[in-house]
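Listed below are the residues making up each chain.
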Amino acid sequence: MISRMHEHGFTDEQLPVAWEKTGEMKPISNGPGDNSKTFPLFFETAFIARDFCWKQWTFLSPCFGGSRHLTLEPNHVLPLISRSMMLKTGTFGTSQVKIHHTHLDISPKPTEKENPYIAMKQIHTRGQDKFDKDKSAIVRIHQLKHKHLIEVIGSFDIGDVYSFLLPWAESGHLEEFWKNDKQGERSPDLILWALEQMKGLASAVKELNNLIVKDSSNETGRHGDLKPENILLVDVGSASTPHGVLRITNVGLSRFQMVFTTWRERNITPRGATYQYAPPEAHSRETDEKSRLFEIWSLGCVFLEFLTWLLQGYDEIISLRNKRRIHFECDYSQFYTYKKKQFIVHPAVESHMDLLRADERCLRTSCFRDLLDVIKDMLIVDVDKRLEFPELDNRLGIIFDRARADDAYLCGL
């Protein structure tokens, strides 16, 4: 039998195969080999052929890594050692899975004792054609390397279920970080770290927005749903980063929220963003050159809460959110409102920025006051007047460099 397989050029590359009613073996269409070629039945009986086709899946468990996308068959055996119950997070279901180390092509390479935990995010695509177009765009976006971007390990689809594999963040996301340290001491080291992280996050979003993704419904690499829950804290306690590194996750996944979810159902705008951090123009599905400034507003919202945490603590973040709500049964609270037939920055946000400016650390020249000035220029309703990425990058760089060299400026002394 082995010699007959060899004679006909049948190798591992032809797997998986299916037994055809014609009595031939045919590679399944998504296999790596030439799937147009058929092979004679190498087995003595049809029973043995069917048994081979069933047992082959045990040896075809996929490997993930390099941001590659795989199209798998329902019979593929995933290399999962364990899997937690799936939690529904917005449009996606998320599970914590442990993948066998030999099936991960990541750096550093895990050892036998380090079968790592991975976040597996899944979405049901409902068989929509637009999914195929945006699938290639997501793969392209995740090939962008940046210190403050979570790099997708891999992705795969089985039927109409699409899955992303991402590193599991043991330290949680930015919202949890704020919540777990409500009134802790803001040491000079922590303040400088926060400034560095904001600078890095802005740089990462700028790189995303500069990325051109062809053949996609949205040809820029816009994240689409920037919020604290999509900013993970990783590498906490390492020698080089004791406070950790903030890295943006779910890059580009709002594309799927926009396509496969009714926005009224999921508290998302027609562009797929979470209402709370989306700008006024998110109500439009139109995309143009100004759409990249969509992210400036969202970052400004996150940075305002970050600054609030630094100066006043997590409770004041919650207080500001409550003041922005239309009513207390409402699940979201935008940073803008609608008044006299036009959008304006929410009065509660304006009052909050005035309150921060009255803080003694903002009354004198300090990183806090300069950062607040930057945030105010990010939260401008008129897109033509909103701060743009080059200037944002420059101003945050100046603040960080001065804070690193001047303790009085850093601490607002």
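Residues numbered from 1 in each chain as written. Predicted model: local features only at pLDDT ≥ 70, side-chain atom pairs only at ≥ 80, totals over all residues. Heavy atoms only, no water.

Caption draft 1: Molecular detail of helix 13 (residues 389-405). Between its first and last C-alpha, helix 13 extends 24 Å over 17 residues, near the 24 Å set by a 1.5 Å rise per residue. Of the surrounding secondary structure, the elements contacted by the buried residues of helix 13 are helix 5 (188-210), helix 8 (294-311), helix 12 (367-378) and helix 14 (407-411). (Helix = DSSP H or I, 4+ residues; strand = E, 2+ residues; numbered from the N terminus. Expected span 1.5 Å × (residues − 1). Contact = heavy atoms within 4.5 Å.)

Caption draft 2: The arrangement of the confidence of the model for the protein in detail. On average, residues of the protein score 80 in pLDDT, and 77% of them reach the 70 mark or higher. Per-element averaging of pLDDT across the protein places helix 7 (residues 263-266) at the bottom with 40 and helix 12 at the top with 98. Note that pLDDT drops below 50 for residues 214-219; the model gives that stretch 14 contacts with residues more than four away or on any other chain. (pLDDT = per-residue confidence, 0-100.)

Caption draft 3: Molecular detail of the pattern of salt bridges. Applying the stated criterion across every chain yields a total of 13 salt bridges. Here E281 ties to R386 by a salt bridge, and the two come within 2.7 Å at their closest N and O atoms. In this pair, E281 sits in the loop between helix 7 and helix 8 while R386 sits in the loop between helix 12 and helix 13, placing the two residues 105 residues apart along the sequence. For the pair E281 and R386, a shared accessibility class is recorded, and that class is buried. Put simply, R361 and D359 hold a salt bridge, and the shortest N to O gap is 3.0 Å. On the basis of relative accessible area, D359 is assigned to the buried category, the value being 14%. (Salt bridge = Lys/Arg side-chain N within 4 Å of Asp/Glu carboxyl O. Buried < 20%, exposed > 50% of the residue type's maximum accessible area, 1.4 Å probe, protein only.)

Caption draft 4: Geometry of the packing of helix 8 against helix 10 (residues 347-357). It is at 11 Å that the axes of helix 8 and helix 10 come closest, and there the two elements cross at 40 degrees. Classified by the angle between their axes, helix 8 and helix 10 sit oblique to one another. In the packing of helix 8 onto helix 10, the handedness of the crossing is left-handed. Between helix 8 and helix 10, the contacting residues are L304, L307, T308 and L311 on the first element and V349, H352, M353 and L356 on the second. Tallied by class, residues from the contact of helix 8 with helix 10 come to six nonpolar, two polar and no charged. (Axes fitted to C-alpha atoms, helices over the stretch in contact; angles between N-to-C directions. Parallel < 35°, antiparallel > 145°, perpendicular 65-115°, else oblique. Left-handed = near helix turned anticlockwise from the far one by under 90°. Nonpolar A, V, L, I, M, F, W, Y, C, P; charged D, E, K, R; others polar.)

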